[in-house]
Amino acid sequence: MSTDSFREIKAVAGPAAEGQLARSGTAAQTSDDGTSPNTGTSTLQRGGRGKKPARRKGLSERNRPLWMLIPGGLLMFVIIVIPLFLGIYMSALNLDQYTLRKWVSAPFIGFDNFVEALTDSPLLHSVWLSVSYSLIAMLVTLPLGIAAAVATQNAFKGRALVRSIFLIPYVLPSFVVATVWRTMFQPDGVVDSALSVFGMDGGLWLNGPQTYWTLILVQIWASWPFIYLLALSGLQAVDHEVHEASALDGALWWNKLRYVIFPYLKGPLALAFLIGMLHHINNFTLPFVLFGVPAPADVEVLPILTYVTSFQSFRFGLSAAMAFVSLVLIAIPLFIYLRAVKLDDAETPGGKK
């Protein structure tokens, strides 16, 4: 605004407009200079040189989360990796009670222990026993666990008490479970007395041809609550609107279970089946306490055979080879499951392909 225009407006408007025009002229002047009227700083400084550049993350900050894995990694290396390599090394030695004192200098025999384990030992029979009894136990516990979960899903009076009773076999230690059932299966014990009421003879449960089915029966009783817990967690994930929609459509209870509820249980039950199988194959306490050592041939599962070979026959190299075979046996279904989960995740809309 020029000086002549300012004087003409001042003369017409009077002294009241003089201060306002003066302030607006000052603001216009500061804007022409590139300086903000409020802060007194240059717009060039605020938009360019005055702004601090973002600090780049250094190498130490970028890798800081990896540092947090060091304690757990060292612990896993000491507890898992080192014993694993020691076991593999021991499986290649002729290590027994005679060479145990200087086991580092024991004769190196390569794969002879593996050949003996697969050809001249009951290893394959023990593998068959472990896999078969684990599979039968899981096939029985799956419907039991699902039925118990469906029965206790909806609220009713005393549901908390029923759920607590269902969990008793799962929370008891395997040693206690095996001891109680060993006492019950003794000759003229609780089981034989109960069967005699119906005119049946129980026979020998802990030493004889029935020992295989005895192990399966006790394993089913001890492990079905685990399936029950995972099935119950899967049922809690079913949306309430799905139940309402199926009820409005007039779906029968079997169709509702098959087409509405069971699809939600596929993931939890697959995980439960895998974990249950691996647990049964590795279960040492239950058959050890239930049948003792040496166990009958019908229940000489893989952990029992490895224990007997190592601490009764003192064939430490041979038992290390058997333990490595059991590790491979466990790794196969675990790898298949992880591969299936990865493929299923890749097929989902948000999964990586």
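Asker: I would appreciate a short explanation of the overall build of the protein chain in the present structure.
Answerer: The helix and strand tally for the protein chain stands at 18 helices and zero strands. Element-wise, carbon and sulfur atoms account for 66% of the exposed surface of the protein chain, whose accessible area totals about 22,900 Å².

Asker: Before we go on, may I ask you to explain the packing of aromatic side chains in this structure?
Answerer: Overall, the coordinates contain 15 aromatic pairs when judged by the stated rule. Plain terms: the ring middles of Y170 and F226 are 6.0 Å apart, the flat faces sit at 25 degrees to each other, and that makes the pair stacked. Of this pair, Y170 sits in helix α10 (residues 168–171) while F226 is found in helix α13 (residues 211–236), placing the two residues 56 residues apart along the sequence. In this structure Y170 comes out as partly exposed when scored by relative accessible area, which is 40%. An angle of 25 degrees between the planes, with centres 4.9 Å apart, marks the rings of F284 and F288 as stacked. A relative accessible area of 27% places F284 in the partly exposed class. An aromatic cluster of three or more residues is present, and its members are W181, F185, W205 and W221.

Asker: Explain the environment of S105 here, please?
Answerer: Tracing the chain through its elements places S105 in the loop between α6 (70–91) and α7 (112–119). With twelve residues separating them along the chain, S105 and L93 place their C-alpha atoms 8.9 Å apart. At 3.0 Å, the side chain of S105 forms a polar contact with the backbone oxygen of K102.

Asker: Any chance you could explain the pattern of salt bridges here in plain terms?
Answerer: Scanning the model with the defined rule gives one salt bridge in all. E116 is the salt-bridge partner of R315, the closest N and O atoms lying 3.0 Å from each other. A residue pair is termed long-range when its members are at least 10 positions apart, and R315 in the loop between α17 (302–311) and α18 (316–347) and E116 in helix α7 qualify at 199 residues.

Asker: Mind showing me how you'd approach the nonpolar core here?
Answerer: Generally speaking, a soluble globular protein has its nonpolar side chains buried in company with each other. Within the largest apolar cluster, 25 residues are counted, with the highest numbers of intra-cluster contacts made by F185, L215, V218, L290 and F291. Secondary structure elements with two or more residues in this core: α8 (123–151), α11 (174–184), α13, α16 (285–291) and α17. A total of six residues in this core trace back to one element, the largest contributor, which is α13. Those residues in contact with L215, other than ones at most four positions away along the chain, are Y133, L286, P287, F291, V299 and V301.

Asker: Got a minute to help me understand α17 in this structure?
Answerer: Residues that lie three or four places apart on an α-helix share one face, since the helix turns once every 3.6 residues. Counting buried positions along α17 yields eight of ten residues, so the element is predominantly enclosed. For α17, every residue scored as buried is listed here: L302, P303, I304, L305, T306, V308, T309 and S310.

Asker: Looking at this model, I keep getting lost on the packing of α8 against α17. Mind explaining?
Answerer: At a minimum axis separation of 8 Å, α8 and α17 run at an interaxial angle of 145 degrees. Residues L123, S126, V127 and S130 of α8 form the contact with α17, whose own contacting residues are L302, P303 and L305. Broken down by class, the residue content of the contact of α8 with α17 amounts to five nonpolar, two polar and no charged.

Asker: Any chance you could explain the environment of G292 here in plain terms?
Answerer: With respect to the secondary-structure elements, G292 resides in the loop between α16 and α17. Residues G292 and I304, spaced twelve residues apart in sequence, show a C-alpha to C-alpha distance of 9.5 Å. Those residues in contact with G292 that lie beyond four places of it in its chain are R182 and P287.

Asker: Teacher, can you tell me more about the environment of L124 here?
Answerer: With respect to the helices and strands, the residue L124 is situated in helix α8. Here the alpha-carbon distance between L124 and V301, two residues 177 residues apart in the chain, equals 9.9 Å.

Asker: Even after reading the chapter, I still don't get unusual backbone geometry, so can you show me in this structure?
Answerer: Residues apart from glycine generally show negative phi values, whereas peptide bonds are mostly found in trans. With omega at 0 degrees, the peptide bond leading from V293 into P294 counts as cis. Here P294 is to be found in the loop between α16 and α17. For D188, which is not glycine, the phi dihedral falls at a positive 60 degrees. For D188, the position within the fold is in the loop between α11 and α12 (190–197).

Asker: I would appreciate a short explanation of the side chain of S126 in the present structure.
Answerer: Checked against the element boundaries, S126 lands in helix α8. Here the side chain of S126 touches E300 through a polar contact of 2.8 Å, landing on its backbone oxygen. Look past the residues within four positions of S126 in its chain and what remains in contact with it is E300, V301, L302 and L305.

Asker: It is not clear to me how α13 should be interpreted in this structure. Could you clarify?
Answerer: With 26 residues, α13 should reach 38 Å at 1.5 Å per residue; the first-to-last C-alpha distance of 38 Å fits that figure. Considering bend angle alone, the principal kink of α13 is centred on S223 and spans about 35 degrees; proline P225 follows within four residues of it. The buried fraction of α13 is high, at 20 of 26 residues.

Asker: Explain the confidence of the model for the protein chain here, please?
Answerer: Low pLDDT means the predicted coordinates in that region are not meant to be read closely. Looking at the protein chain as a whole, the pLDDT averages 79, with 77% of positions reaching at least 70. Taken together, the stretch residues 8–48 has pLDDT below 50 and engages in 21 contacts with residues farther than four places along the chain or on a different chain.

Calculation rules
Residues numbered from 1 in each chain as written. Predicted model: local features only at pLDDT ≥ 70, side-chain atom pairs only at ≥ 80, totals over all residues. Heavy atoms only, no water. Helix = DSSP H or I, 4+ residues; strand = E, 2+ residues; numbered from the N terminus. Areas by Shrake-Rupley, 256 points an atom, 1.4 Å probe, with all protein chains shown as cover. Phe/Tyr/Trp six-rings, centres within 6.5 Å; stacked < 30°, edge-to-face > 60°. Buried < 20%, exposed > 50% of the residue type's maximum accessible area, 1.4 Å probe, protein only. Polar contact = N/O pair within 3.5 Å; in protein donor to acceptor, adjacent residues only side chain to side chain. Salt bridge = Lys/Arg side-chain N within 4 Å of Asp/Glu carboxyl O. Core = buried A, V, L, I, M, F, W, Y, C linked by side-chain atoms within 4.5 Å. Contact = heavy atoms within 4.5 Å. Axes fitted to C-alpha atoms, helices over the stretch in contact; angles between N-to-C directions. Nonpolar A, V, L, I, M, F, W, Y, C, P; charged D, E, K, R; others polar. Expected span 1.5 Å × (residues − 1). Bend = angle between axes of the 7 residues up to and from the residue. pLDDT = per-residue confidence, 0-100.

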